[in-house]
Amino acid sequence: GLTVPFALAASLSGAVASSGLVVTAGLAEIAAGSIAMGLGGYLAAKTDLEHYASERLRELRETQHIPEREAEEVSEIFRGYGLRDEQIAPLIETLQANPTQWVDFMMRFELGLEEPDPTRARISAWTIALSYVVGGLIPLLPYMVVSDIHTALWWSVAVTPVALFVFGYVKSGYTGVPPWRGGFQTVLVGGLAAAAAFGIARLLG
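Remember, it's a predicted structure, so these values are computed and weren't measured experimentally.

Colleague: Teacher, can you tell me more about the packing of aromatic side chains here?
Modeller: The geometry of an aromatic ring pair is captured by the separation of the ring centres together with the interplanar angle, meaning the angle of the planes. As enumerated under the stated definition, the model contains seven aromatic pairs in all. Measuring from ring centre to ring centre gives 5.2 Å for Phe165 and Phe184, while their planes differ by 65 degrees; the resulting arrangement is edge-to-face. Of the two residues, Phe165 is situated in helix α7 (residues 149-175) and Phe184 in helix α8 (residues 179-204); the sequence distance between them amounts to 19 residues. Taking the relative accessible area as the measure of exposure, Phe165 reaches 18% and is therefore buried. The exposed category is assigned to Phe184, whose relative accessible area is 51%.

As structure tokens, then:
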């Protein structure tokens, strides 16, 4: 949301003479981008939920129709943890006596799948879309309040890297990357995108 509108505004600043055109194009891009990204997040979350449901149904059928093969798969999992067959046998019997827990076990330890939150798709869509809008407005604000396009560009150049750095710094707290490195990496990516777009517009203009 920060990088794309920033690059678009910077590129247009090299090709047009009106801040209004930059704002109009930027708002259109923010609208399209937020919808596209929001729908992408929604569909990705829905796909995860549907994939989990289909795999769970398959595991349920296998435990019902080919329990011997499923029991052997359980044995292989426990052997990977160093258990002997005589230790594994009572564990398999316990799982076989609880079909739901057996399927839960296979989903987690055989397939490595955790049940997704059913509300995740909707929350993800709104979070991504609104974040895109908020982020996209930051590089456009100078063009909304400053009529001279070149002055607005320099204000955008000054404000957007700060926002990119803050975003990268905060994001690093969730990804485990050192905060300062995460901040500078985000600024570098956004800066390169904007510089490339601005240079292309200058060459073509």
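There is more to say after this.
Colleague: When you look at the pattern of salt bridges in this model, what are you seeing that I'm missing?
Modeller: A pair can form between side chains of opposite charge whenever their charged atoms are brought close. With the rule as written, the count across this model stands at ten salt bridges. As a salt-bridge pair, Asp48 and Arg120 come within 3.2 Å of each other at their nearest N and O atoms. Of this pair, Asp48 sits in helix α2 (residues 19-65) while Arg120 sits in helix α6 (residues 120-145); the two residues are 72 residues apart in sequence, bridging distant segments of the chain. Residue class for Arg120 comes out partly exposed when judged on its relative accessible area of 39%. Between Arg79 and Asp85 there is a salt bridge, and its shortest N-O distance comes to 3.0 Å. What makes Asp85 partly exposed here is its relative accessible area of 46%. If you follow the salt bridges from partner to partner, you end up with Glu55, Arg58, Glu59 and Glu62 in one network.

Colleague: When you look at the nonpolar core in this model, what are you seeing that I'm missing?
Modeller: Among the nonpolar cores identified, the biggest contains twelve residues, and these are Phe6, Ala9, Ala10, Val22, Val23, Ile30, Leu140, Tyr143, Ile149, Ala152, Leu153 and Ala194. Elements with a minimum of two residues in this core: α1 (3-13), α2, α6 and α7. When residues no more than four places from it in sequence are discounted, the contact partners of Ile30 are Pro5, Tyr132, Val133, Gly136, Leu137 and Leu140. In this structure, Ile77, Phe78, Ile88 and Ile92 belong to the second largest nonpolar core, which totals ten residues.

Parameters and conventions
Residues numbered from 1 in each chain as written. Predicted model: local features only at pLDDT ≥ 70, side-chain atom pairs only at ≥ 80, totals over all residues. Heavy atoms only, no water. Phe/Tyr/Trp six-rings, centres within 6.5 Å; stacked < 30°, edge-to-face > 60°. Helix = DSSP H or I, 4+ residues; strand = E, 2+ residues; numbered from the N terminus. Buried < 20%, exposed > 50% of the residue type's maximum accessible area, 1.4 Å probe, protein only. Salt bridge = Lys/Arg side-chain N within 4 Å of Asp/Glu carboxyl O. Core = buried A, V, L, I, M, F, W, Y, C linked by side-chain atoms within 4.5 Å. Contact = heavy atoms within 4.5 Å.

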